Amino acid sequence: MTEPQPDYRRPPGPHQPVTLGIDAETLATLQALQQEYGDMVSMVQPNGRLAYFVNDAVEVRRILARRHSKYHKGPGFERVKMLLGNGLIVSDGDVWRRSRTMIQPAFSRQNVHRLMTVMVGCTDRRAASWAEAVGQGETINITEETSDFALELILISIFGDDYEERILTEGENPFAFLSRDSTRDLSVVLKVRHLRALLLSIITDRRAGRGSRHFDFLSMYLDATDKEGKKFSDAELLDELMTLIVAGFETSANTLNWVWYLIAKHPDVEANLIDEAQRILPNVSAVTAENLAAMQYTQQVLEEALRLYPPVWLYTRRAHAEDDLEHHDVPPGTDIYLSPFILHRTAHYWPEPERFDPDRFVADDTPKKDRPYFPFSLGPRRCLGEYFSFLEMKVHLGLLLPRFRLQLVDEAEPQLELAINLRSAEDILMQPSTR
Ligand code: HEM
């Protein structure tokens, strides 16, 4: 007699099918499910596929870190594939492992430090245009400003001199649509095609020894080799460059957008930030790695902003092998939904979660293991640009805040736009003045 197969141990959840995506309705659905069923919820999607919503600190860590090899990227990534091909963010398994091993050395602290002068240059250009706006009595659109800052920074970090010589000579910045066009319609397809052709011509010239000899991500990617000594093909390089641009600018831009909004709402925080910046970064030549590391209060403000507004607000995974969590089984094929946005605002982990309080991140010796926090994800697929982004945001705030006071034109809290990235639904307008 054969033994009956044990039933999978599933978390509680609704009986009727649930539609999930990467949008505002999904956030509302997941929040309602959490209210009703708790931090682990199981459901069936209209296509019959099982899905778990996981909001438990221990299980999240298990899925993203210790058991990461049992999961691939999940639903929603098909849409980004049009832009990113098989680049690092969307690839899985051996393809991802090979690329990650080849690319990771480019993000060493030593390499990122060499890009600090680019960060200062991009910040200086913002300062010049803000000074002009003050002179004219104009408002600035901080959402566009932070987006332009982060886009210019990532493009110069990748292409060095080729940015000015090959990309800006195109007339309108051919990458600008990435921040302004959230649609994925035909015009975007054409723009992506044009971009890829431009990037390919830069790659071809670099391979032929023409063009920039400066230190930049493209030269590091061109030199990178795998275990067998093989380099990236042109097609692979194109995907990785598009990935780096997309991963590297919208996330930092959105964070800075929210930070300027939060600072304007919290004058006490603003005063502390200015005090720290004036002490540690009195002038441009004080921008060193040691000084940026010493900006502890600015670090806390950035971490607290990323708690409230994690740019990647929803992660999806799909189990490709069977897994067992502490109290539940995960059959192969199960979709997993994890949301830093929800976890970071769950009251039993974060008391008074809606309150902006940078002191939550004061550096002390208390272990923070029971406080789930993962704006950059966890485990082997954790963001590669985390250090780069903290440096760029500290340079930006540290040099601009002591010079400019930005006041909100409209005090109302902006609505959230919940797509692949969490943005403010409306652009935030501010009135600048000099201090
Ligand atoms: C505030 C800024 C940033 C945030 C919050 C952020 C967040 C993230 C998150 C959550 C992931 C993992 C997504 C997932 O597993 O589904 C990721 C991956 C990645 N990020 Fe970032 N990121 C930021 C800035 C940057 C910057 C500036 C760069 C590059 C210069 C960068 C490069 C990457 C890359 C290459 C990956 C793919 C890693 C892999 O799959 O192995 N990120 N980022």
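In what follows, the structure referred to is the one given above.
Thresholds, definitions, all that
- Residues numbered from 1 in each chain as written.
- Predicted model: local features only at pLDDT ≥ 70, side-chain atom pairs only at ≥ 80, totals over all residues.
- Heavy atoms only, no water.
- Helix = DSSP H or I, 4+ residues; strand = E, 2+ residues; numbered from the N terminus.
- Polar contact = N/O pair within 3.5 Å; in protein donor to acceptor, adjacent residues only side chain to side chain.
- Contact = heavy atoms within 4.5 Å.
- Buried < 20%, exposed > 50% of the residue type's maximum accessible area, 1.4 Å probe, protein only.
- Donors = N, O, S within 2.8 Å, 3.2 Å for Na, K, Ca; no water.
- Pairing = 2+ DSSP bridges.
- Axes fitted to C-alpha atoms, helices over the stretch in contact; angles between N-to-C directions.
- Parallel < 35°, antiparallel > 145°, perpendicular 65-115°, else oblique.
- Left-handed = near helix turned anticlockwise from the far one by under 90°.
- Nonpolar A, V, L, I, M, F, W, Y, C, P; charged D, E, K, R; others polar.
- Core = buried A, V, L, I, M, F, W, Y, C linked by side-chain atoms within 4.5 Å.

Next up on the list: the side chain of Asp216. By the element assignment, Asp216 lies in the loop between helix H10 (186-207) and helix H11 (217-223). Of the polar contacts made by the side chain of Asp216, one reaches the side chain of Arg206; its length is 2.9 Å. Reaching out from Asp216, the side chain makes a polar contact with the side chain of Ser219 at a distance of 2.8 Å. If sequence neighbours within four positions are ignored, Asp216 has contacts with Ile156, Ser157, Ile158, Phe159, Gly160 and Arg206.

This part takes up unusual backbone geometry. Even without being a glycine, Glu352 presents a positive backbone phi close to 45 degrees. Unusually for a residue other than glycine, Ser377 sits at a positive phi of about 65 degrees. Its location among the elements puts Ser377 in the loop between helix H16 (340-343) and helix H17 (386-400). For Ser377, a relative accessible area of 7% translates into the label buried.

A few words on the coordination of the iron atom of the ligand. Protein coordination of the iron atom of the ligand rests on one atom only, Cys383 (SG), at 2.3 Å. Within the secondary structure, Cys383 sits in the loop between H16 and H17.

On to the sheet that holds strand E5 (residues 315-319), then. With respect to topology, 5 strands assemble into an open sheet ordered E1-E2-E8-E5-E3, the strand pairing being mixed. This sheet does not close on itself; its edge strands, each paired only once, are strand E1 (40-44) and strand E3 (71-73). Sheet twist, expressed as the mean angle between neighbouring strand axes with direction ignored, is 30 degrees. In this sheet, strand E2 (residues 50-54) lies alongside E1 in antiparallel orientation, the contact comprising 5 bridges. Note on E2: the bridge partner recorded for Val44 is Leu50.

It is at 9 Å that the axes of helix H6 (residues 116-136) and helix H7 (residues 142-159) come closest, and there the two elements cross at 150 degrees. Regarding the angle of H6 to H7, the classification is roughly antiparallel. Every pair of crossing elements has a handedness; the one defined by H6 and H7 is right-handed. Here Val118, Met119, Cys122, Thr123, Arg125, Arg126, Ser129 and Trp130 of H6 come into contact with H7, specifically with Ile142, Glu145, Asp148, Phe149, Glu152, Leu153, Ile156 and Ser157. Split by residue class, the contact of H6 with H7 holds 8 nonpolar, 3 polar and 5 charged.

Take the packing of H6 against H17 next. Across the interface, H6 lies against H17 with an axial gap of 9 Å and an inter-helix angle of 35 degrees. Note that H6 runs across H17; the crossing there is right-handed. Residues Met116, Met119, Val120, Thr123, Arg126, Ala127 and Trp130 of H6 form the contact with H17, whose own contacting residues are Phe388, Leu391, Glu392, Val395, His396, Leu399 and Leu400. Along the lines of polarity and charge, the residues of the contact of H6 with H17 split into 10 nonpolar, 2 polar and 2 charged.

Along the polypeptide, Ala247 turns up in helix H12 (residues 234-265). Spatially, the C-alpha atom of Ala247 lies 32 Å from that of Asp275, the residues being 28 residues apart in sequence.

Attention now goes to the nonpolar core. If you look at the biggest cluster of nonpolar residues, it comprises 119 residues, and the most contacted ones within it are Ile158, Phe159, Phe175, Phe217, Tyr221, Ile245 and Trp260. Per-element accounting of this core gives the leading share, 16 residues, to H12. Those residues in contact with Ile245 that sit more than four places away from it in its chain are Leu151, Ile154, Leu155, Ile158, Phe159, Phe175 and Leu178. Counting 21 residues, the second largest nonpolar core, distinct from the first, contains Tyr52, Tyr71, Leu343 and Trp350.

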